[in-house]
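In case you want the letters, here they are:
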Amino acid sequence: MSVTIAVEPPRQDGVIRLLDLSDAYAQSLYPAESNHLVDLSLLEKPSVSFLVARNGDAIVGCCALVEAGDGTAEIKRMFVDPEARGLRIASSLMNALEAIAGEKRLTAIRLETGIYQPEAIALYRKYGYQEIAPFGSYLPDPLSLFMEKRLG
């Protein structure tokens, strides 16, 4: 089966299952004050493009591009089902969200990830994201890594 990526609503059982897995993973790595999780209601806002990866009918990955209102956006809730890893789903999600950012003529994409997630950090670096200072409402946190990719 081939993996497909599409903008879909986040409020569906397969997505909720992934978000629960993502929450449990983050909570196993970081204390509560270092987890910057967003809930489903934020992901349903008009300023959010929510991407779903499917392998056949099965939802195997997701991520959100949350527009900040200043020409930038933040990647939130990037997660791939552990049983589907190795299918290049994260790369497919990155390509799709960067294409959306280009269509929206955004100037930069930012993100926050944890220092104990080397696979995520490597993915973002591969796509040209560089470390920056905390942005938006984030405070400095020794367990967080803030990154940005300037566009166009």
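Residues numbered from 1 in each chain as written. Predicted model: local features only at pLDDT ≥ 70, side-chain atom pairs only at ≥ 80, totals over all residues. Heavy atoms only, no water.

## Quick word on the overall build of the protein chain
Right, so step 1: Along its length, the protein chain carries four helices and seven strands.
Right, so step 2: Listed N to C, the secondary structure of the protein chain is β-α-α-β-β-β-α-β-α-β-β in terms of helices and strands.
Right, so step 3: For the protein chain, the C-alpha radius of gyration of 14 Å lies close to 15 Å, the compact-globule estimate for 152 residues.
Right, so step 4: Considered along the principal axes of its C-alpha atoms, the protein chain spans approximately 40 × 35 × 30 Å.
Right, so step 5: Relative to its 152 residues, the protein chain shows a buried fraction of 49%.
Right, so step 6: Surface summary for the protein chain: the accessible area is close to 8,000 Å², and the carbon and sulfur share equals 53%.
Right, so step 7: On the protein chain, the mean spot of the 15 positive side-chain charges and the mean spot of the 20 negative ones are 6 Å from each other. (Helix = DSSP H or I, 4+ residues; strand = E, 2+ residues; numbered from the N terminus. Rg over C-alpha atoms; globule rule 2.2 N^0.38 Å. Buried < 20%, exposed > 50% of the residue type's maximum accessible area, 1.4 Å probe, protein only. Areas by Shrake-Rupley, 256 points an atom, 1.4 Å probe, with all protein chains shown as cover. Lys, Arg positive; Asp, Glu negative; His and termini not counted. Charge placed at Lys NZ, Arg CZ, Asp CG, Glu CD.)

## What about the pairing of strand S2 (residues 48-55)?
Right, so step 1: For S2, a buried count of seven out of eight residues is recorded, marking the element as mostly surrounded by other parts of the structure.
Right, so step 2: In the sheet, strand S1 (residues 3-7) pairs with S2 via five bridges, with the strands oriented antiparallel. Its bridge partner lying in S2, valine 7 is registered against leucine 51.
Right, so step 3: As defined by bridge partners, S2 adjoins strand S3 (residues 58-67) across eight bridges and the pair is classed as antiparallel. If you follow phenylalanine 50 over to S3, its bridge partner there is alanine 64.
Right, so step 4: Where S2 hands over to S3, the hairpin turn is made up of two residues, of which glycine 56 adopts a positive phi near 70 degrees. (Pairing = 2+ DSSP bridges.)

## Details of helix H3 (residues 89-103)
Right, so step 1: For H3, with 15 residues, the first-to-last C-alpha span of 21 Å sits near the 21 Å given by 1.5 Å per residue.
Right, so step 2: Within H3, the full set of buried residues consists of Ile89, Ser91, Leu93, Met94, Ala96, Leu97, Glu98, Ile100 and Ala101.
Right, so step 3: Directly beyond the C-terminal end of H3, a positive phi value near 55 degrees is found at arginine 105. (Expected span 1.5 Å × (residues − 1).)

## Thoughts on the layout of surface pockets
Right, so step 1: Considered as a void within the structure, the largest pocket measures approximately 830 Å³ in volume.
Right, so step 2: The element that contributes the greatest number of residues to the lining of the largest pocket is strand S4 (residues 72-80), accounting for six residues.
Right, so step 3: Of the residues contributing to the lining of the largest pocket, the split by class is 17 nonpolar, nine polar and seven charged.
Right, so step 4: Within this model, the second largest pocket holds a volume of roughly 200 Å³.
Right, so step 5: Lining of the second largest pocket is provided by Val66, Glu67, Ala68, Thr72, Ala73, Glu74, Lys76, Arg110, Phe135, Gly136, Ser137 and Tyr138.
Right, so step 6: Listed by contribution, the elements that provide at least two residues to the lining of the second largest pocket are S3 and S4.
Right, so step 7: Among the elements that take part in the lining of the second largest pocket, S4 stands out by supplying four residues, more than any other. (1 Å grid on protein atoms, 1.4 Å probe; cavity = no way out; pocket = protein on both sides within 12 Å on 5 of 7 lines; lining within 4 Å. Points joined across faces, edges and corners; volume = space filled by probe spheres on them. Nonpolar A, V, L, I, M, F, W, Y, C, P; charged D, E, K, R; others polar.)

## Let's talk about the packing of H3 against helix H4 (residues 118-126)
Right, so step 1: Between H3 and H4, whose axes approach to 11 Å, the crossing angle comes to 45 degrees. One element, H3, and the other, H4, form an angle in the oblique class. Here H3 runs over H4; the crossing is right-handed. Residue-level inspection shows Ala90, Ser91 and Met94 of H3 in contact with H4, the latter providing Leu123, Tyr124 and Lys126.
Right, so step 2: Broken down by class, the residue content of the contact of H3 with H4 amounts to four nonpolar, one polar and one charged. (Axes fitted to C-alpha atoms, helices over the stretch in contact; angles between N-to-C directions. Parallel < 35°, antiparallel > 145°, perpendicular 65-115°, else oblique. Left-handed = near helix turned anticlockwise from the far one by under 90°. Contact = heavy atoms within 4.5 Å.)

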